[in-house]
Amino acid sequence: MSCLPKLGKRTKSEERAIREQVKGVAQQNLKRLGLEGDADLQFMLGGGDLVKVRSKSWQKNRFFKLQEDCKTLWYESHKTVRRKQTFAIDDIASVRRGRQSEGLNKHTADGLEDQCFSIIFKDRTKNLDLLAPSGEEAKQWVNGLDKLINNMLNLNRQQNSEHWIFSCMRNADKNADNMMTLKEVKHFLKQVNIEVDDTYAEEIFKKCDASYSGTLEGSEIKHFYDLLTQREEMDVIYGNYAQTEGQMSAGDLLGFLLREQREQVSMQDALKLIEKYEVDETAKQQKRMTKDGFLRFMNQEEGSIFNPAHKPVYQDMHQPLSHYYISSSHNTYLMADQLKGPSSTEAYIKALMKGCRCVELDCWDGANGEPVIYHGYTLTSKVLFKDVIKVIKEFAFKTSEYPVILSLENHCTIDQQQLMAHHLISILGDALVTKPLRNVTPTNFPSPEELKGKILIKGKCLKKVNPSLSNDGVVEEGTVSEEDEAADCENGQKAKPKKSKIKLAKELSNIVVYCKSVHFNSFDHAKEMQAFYEMSSFKESKALTLAETSATAYIHHNTEKLSRIYPAGSRTDSSNYNPVPLWNAGCQIVALNFQTPSKEMHLNQGRFLPNGASGYILKPEFQRSLSSQFDPSTLSEGPWLQKKTLNVMVISAQQLPKLNKDKQSSIVDPLVRVEIYGVPADNAIKATHHIDNNGFNPTWNESFRFQIHVPELAMLRFVVEDYDAASQNDLIGHYCLPLSSAQNGYRHVPLLTKRGDVISSAGLFVHLMLTDAE
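The structure displayed is predicted, hence computed values, not measured ones.

Please set out the overall build of the protein chain residue by residue, giving values where relevant.
Each helix and strand counted, the protein chain has 22 helices and 30 strands in total. Expressed as a percentage of its 774 residues, the buried residues of the protein chain come to 56%. Intrachain contacts of the protein chain at a sequence separation of at least 6 include 68% that bridge at least 24 residues. Just so you have it, the protein chain exposes about 34100 Å², and 49% of that area is on carbon and sulfur atoms.

Give me the lowdown on the pattern of salt bridges, citing residues and values where you can.
Per the counting criterion, the structure on display carries 26 salt bridges. The partner of Lys 147 in a salt bridge is Asp 38, and the shortest N-O contact between them spans 2.8 Å. With Lys 147 in helix α4 (residues 135-153) and Asp 38 in the loop between α1 (12-32) and α2 (39-46), the pair connects residues that are 109 residues apart, well separated along the chain. Given the relative accessible area of 28%, Lys 147 is considered partly exposed. Judged by relative accessible area, Asp 38 falls into the buried class, the value being 15%. Between Glu 233 and Arg 231 there is a salt bridge, with its nearest N and O atoms 2.8 Å apart.

Kindly report on the environment of Phe 704, identifying the contributing residues and their values.
Structurally, Phe 704 is set in strand β26 (residues 699-708). Here Phe 704 falls in the buried class, since its relative accessible area comes to 11%. Leave out the neighbours within four places in its chain, and Phe 704 touches Leu 646, Asn 647, Val 648, Val 650, Val 674, Lys 686, Ala 687 and Thr 688.

So what's going on with the nonpolar core? Which residues, and what values?
One finds Leu 361, Ile 392, Leu 406, Leu 424 and Tyr 554 to be the most contacted residues of the largest nonpolar core, which totals 73 residues. Among the elements that take part in this core, helix α15 (residues 385-395) stands out by supplying six residues, more than any other. Dropping the residues within four chain positions of it, Leu 406 is found in contact with Val 359, Leu 361, Ile 389, Ile 392, Leu 424, Leu 428, Ile 455, Leu 456, Ile 457 and Lys 458.

Can you tell me about the confidence of the model for the protein chain, naming the residues and giving the values?
Of all residues in the protein chain, 87% have pLDDT values of 70 or greater, and the mean over the chain is 87. Across residues 1-8 the pLDDT falls below 50, and counting only partners more than four positions away or on other chains, this stretch makes 16 contacts in the model.

Summarise α4; cite the residues concerned and give the values.
Along its 19 residues, α4 runs 27 Å from first to last C-alpha, staying within 8% of the 27 Å computed at 1.5 Å per residue. If you check which residues of α4 are buried, you get Ala 138, Gln 140, Trp 141, Val 142, Gly 144, Leu 145, Leu 148, Ile 149, Asn 151 and Met 152.

Break down the environment of Thr 290 for me, citing the residues and quoting the values.
Position of Thr 290 among the secondary structure elements: in the loop between β9 (288-289) and α13 (291-298). Sequence-wise, Thr 290 and Ile 274 are 16 residues apart; in three dimensions their C-alpha atoms are separated by 9.2 Å. Leaving out residues up to four positions away in the same chain, Thr 290 has contacts with Tyr 238, Gln 247, Glu 278, Asp 280 and Ala 283.

I'd like a rundown of the packing of aromatic side chains, residues and numbers included.
Within this structure, the stated rule accounts for 26 aromatic pairs. Between Phe 43 and Trp 141, the ring centres sit 5.6 Å apart and the planes meet at 70°, which makes this aromatic pair edge-to-face. With a gap of 98 residues between them, Phe 43 in helix α2 and Trp 141 in helix α4 connect regions that are remote in the sequence. A relative accessible area of 1% means that Trp 141 is categorised as buried. A ring pair is formed by Tyr 325 and Trp 583, whose centres lie 6.3 Å apart and whose planes are at 50°; its orientation type is tilted. With Tyr 325 in strand β10 (residues 324-329) and Trp 583 in helix α21 (residues 580-584), the pair connects residues that are 258 residues apart, well separated along the chain.

Give me the lowdown on helix α19 (residues 540-549), citing residues and values where you can.
Because the α-helix completes a turn every 3.6 residues, residues three or four places apart line up on one side. Taken together, the buried positions of α19 are Glu 540, Ala 543, Leu 546 and Ala 547. The buried residues of α19 occupy an angular sector of 130° when projected down its axis, which confines them to one face. Of the exposed residues in α19, the ones pointing more than 90 degrees away from its buried face are Glu 548 and Thr 549. Contacts from the buried residues of α19 go to α18 (523-529), β19 (534-539), α20 (551-560), β20 (563-566) and α21.

Could you give an account of the environment of Ser 652, with specific residues and numbers?
Topologically, Ser 652 is positioned in strand β23 (residues 644-654). With a relative accessible area of 1%, Ser 652 lands in the buried category. When the C-alpha positions of Ser 652 and Val 672 are compared, they lie 9.6 Å apart, and in sequence the two are 20 residues distant. Residues contacting Ser 652, with those up to four places away along its chain left out, are Arg 231, Glu 233, Pro 698, Thr 699, Trp 700, Gly 763, Leu 764 and Phe 765. For Ser 652, the side chain forms a polar contact with the side chain of Glu 233, separated by 2.6 Å.

So what's going on with the packing of helix α9 (residues 232-241) against α13? Which residues, and what values?
Contact geometry of α9 with α13 gives a least axis separation of 11 Å together with a crossing angle of 110°. Looking at the two axes, α9 sits roughly perpendicular to α13. Helix-helix and strand crossings are classified by hand; for α9 and α13 the assignment is right-handed. On α13, the residues touching Met 234, Asp 235, Ile 237 and Tyr 238 of α9 are Lys 291, Phe 294, Leu 295 and Met 298. Taken together, the residues of the contact of α9 with α13 break down into six nonpolar, no polar and two charged.

Describe unusual backbone geometry, with residues and values.
Its identity as a non-glycine residue notwithstanding, Tyr 212 has a phi of 55°, on the positive side. Along the polypeptide, Tyr 212 turns up in the loop between α7 (198-208) and α8 (219-229). Residue Gln 655 is not a glycine yet carries a positive backbone phi of 50°. Here Gln 655 shows up in the loop between β23 and β24 (670-677). Accessibility expressed as a relative area gives 5% for Gln 655, which makes it buried.

Describe the pairing of strand β27 (residues 715-722), listing the residues and the values that go with them.
Burial within β27 is extensive, with eight of its eight residues counted as buried. Here β27 shows a buried face lined by Met 715, Arg 717, Val 719 and Glu 721 and a second buried face lined by Leu 716, Phe 718, Val 720 and Asp 722. Note: β24 against β27, eight bridges, orientation antiparallel. Each bridged residue has a counterpart across the sheet, and for Val 672 the counterpart in β27 is Val 720. Both β27 and strand β28 (residues 730-738) contribute to a ladder of eight bridges, which runs antiparallel. The residue of β28 that forms the bridge with Val 720 is Gly 733.

Describe the side chain of Asn 576, and please don't skip the residues or the numbers.
Tracing the backbone shows Asn 576 in the loop between β20 and α21. Among the polar contacts listed, one links the side chain of Asn 576 to the backbone nitrogen of Asn 593, at a separation of 2.7 Å.

Describe in detail the side chain of Ser 517, supporting the description with residues and values.
Mapped onto the elements of the fold, Ser 517 is located in strand β18 (residues 515-517). Classification of Ser 517 as buried rests on a relative accessible area of 4%.

Quick notes on the rules
Counting from 1, residues in each chain are numbered in the order their sequence is written. pLDDT decides what is reported in this predicted model: residues at 70 or higher carry local features, side-chain atom pairs at 80 or more are listed and counted, and totals for whole chains, interfaces and linings draw on all residues regardless. Based on all heavy atoms of the structure, the side-chain values leave hydrogens and waters out of the count. Only runs of H or I of at least four residues qualify as helices and only runs of E of at least two qualify as strands under DSSP, and these elements are numbered from the N terminus. To sort residues, take the accessible area from a 1.4 Å probe on protein chains only and compare it with the maximum for the residue type: under 20% means buried, over 50% means exposed, and anything in between is partly exposed. Should any heavy atoms of two residues lie within 4.5 Å, those residues are considered in contact. Accessible areas in this description were obtained via Shrake-Rupley with a 1.4 Å probe; residue shielding takes into account the shown protein chains only. Whenever Lys or Arg places a side-chain nitrogen within 4 Å of a carboxyl oxygen from Asp or Glu, that contact is recorded as a salt bridge. For the purposes of this section, nonpolar cores are sets of buried Ala, Val, Leu, Ile, Met, Phe, Trp, Tyr and Cys residues that join through side-chain atoms within 4.5 Å. Summary of the metric used: pLDDT quantifies the predictor's per-residue confidence within the range 0 to 100. For a helix, the expected span equals 1.5 Å multiplied by the residue count minus one. Centres within 6.5 Å make a pair out of two Phe, Tyr or Trp rings, where for Trp the six-membered ring is used; the pair is then stacked when the planes are under 30 degrees apart, edge-to-face when over 60, and tilted otherwise. Throughout, the arc means the angular range of directions from the helix axis out to the C-beta atoms. Here a polar contact means two N or O atoms within 3.5 Å. Within protein one must be a hydrogen donor candidate and the other an acceptor candidate, and residues neighboring in sequence count only if both atoms are side-chain atoms. Where helices are involved, their axes are fitted lines through C-alpha atoms of the stretch in contact, as for all axes, and angles between N-to-C directions lie from 0 to 180°. Here the angle decides the label: under 35 degrees means roughly parallel, over 145 means roughly antiparallel, 65 to 115 means roughly perpendicular, and every other value means oblique. Handedness of a helix crossing follows the sense of rotation of the near helix relative to the far helix, less than a right angle counterclockwise being left-handed and clockwise being right-handed. Just so you know the grouping, Ala, Val, Leu, Ile, Met, Phe, Trp, Tyr, Cys and Pro go in nonpolar, Asp, Glu, Lys and Arg go in charged, and all remaining residues, Gly too, go in polar. Note on pairing: two strands pair once DSSP finds at least 2 bridges between them.

Dropping the structure here:
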């Protein structure tokens, strides 16, 4: 990294030496990742030609190669501006082998299945569809990428931090000589989001330049890294409890776990943590934890705000379906807005992979007799119904094994309805529920556990659910009211009357078992006249009015029947409504536009974060009992009223990302908002001051107090923003979880992007204490 004048062209021996040095760096990185000697990764480091597929006519050969950092993929572009492009392994959400993207399915031949694969990105709409020269090479690319992705996912916060910092160091190392000049140190500090004056940069540089050479290398760079990453707040916490010759004995650690973290643990648990996380063998033998061991422990899931006991499926999954909140999507086929955006099978894959358990299919007559899915009477593109069903079959149970509900909005003629039924039965096979379980007339919903791996159809039905009725005894077709959610659109986009009738084919009616769509009249009418499996859909405004004016009646209704809520048709930009008041009223299927990153989707992601990301969350007991008198607005005495005081101290943040990466001088000015969402009495927002020019290690040490009345319904959300005095603040990251899943004590809070993906190196450090109110 020295600032020497540019020399002439390198000799062949110099080039060979540099290649050997680069190769050595790659092997060191593979060793650090535990993947030394892996054949797939050695192949990727050598690189190879792949065909980039965009359409039938646009299929171009490109050279792809894994960079020596083993974290970046490089490929040659034919763009005039950027001829060489890279993307980070950390930016990849998943890799799919075969023709499992919409693009590859459309634009490549069936016989190329083994040679195809797709790279799916976290924050990009478009996939990278690729075709390898052979099935074996495709397999090597997919296997190698999967290994790197899984390796990144399994890194703890400390390892992610080190990865990120060393990556920034490499970027600052302009001539790859593994040395840092003062100029490069300044460049590096800006890369890691710290604004420093020249005096401070020179001071830290001199402190580390023990050899007085004018460059940092080897152990000097390690010293520089240690100075940079020192966490004063962690030093203080450790120092308060390290009462045994400057280290933490098992007893000291137990004291910390009991007093600060408020965990129900024993001496045996403290000893297990020392065994698991202590890096110094001498300390481990003495049953002690050094500061390095303590940092490792605090950066693992034990030190996370999210209770690790709530990460797997931990709730009772044997209750009736109506006793759960169900993660649900509206107009699932859309990738963007409601008027002219694209429809795509990819949108169903993304929703299902996020744990969504209720997806919507807006079905219309298509050309050549094949039904299509799109937003009727608009310019949104169309996708074949059968292609969507194939994708649902493939991806329904990859994230969660619990049941998926297909919500059909049916506008088709009889012939195409019959074809819809054929596709559902032939493609979904045994997964499709076509008759009541155990072949008896049901009196209540089966449980998510009983319906594992099953797909339910929600739609219109001509008959009562009774397995003893022969299909021969049912009329071939009948007339039902047409479901048309977008008919409530107030901006003139729709030109249809709301209450039109359509004919319903027997074949489609017969596969509606537990989710028969009916019009809602009143709660009294539903109680007296409707069977448990007859469910209604409510426009958001109607549902919110009921939740505000008749909350207890709505909760009783939702103990036995399902309710689906959908956004108003006027939300043509695919914006979302606040789901919290509907969850407060016990509504199960609160459908949101999954394609729109928003606060409402962040709340939805937080609501369904626990319980194995299964898409099912058991409602509190007071929302499952017909005798409950719970009303979220009035809060009368009852088991729901458990008054708590929540104290939150926002201590610090680590390695917040730069928002304007192209502008070297751009440094964030972060502030933190702490938000509570739940019953109206609990809703609150409090914020720290902003800190100028420090996204690397800002410290606030600000405390907030919240009064909580119904903790079982409360959601806790952290938002980090870049302060701007002249315009709206920009989102840096956020994190949301149910208050019941938050751990007390000193905790690290991961941060997510606007679209809900983890920012691997960034996080908040907070102290939480939830206690009974006095």
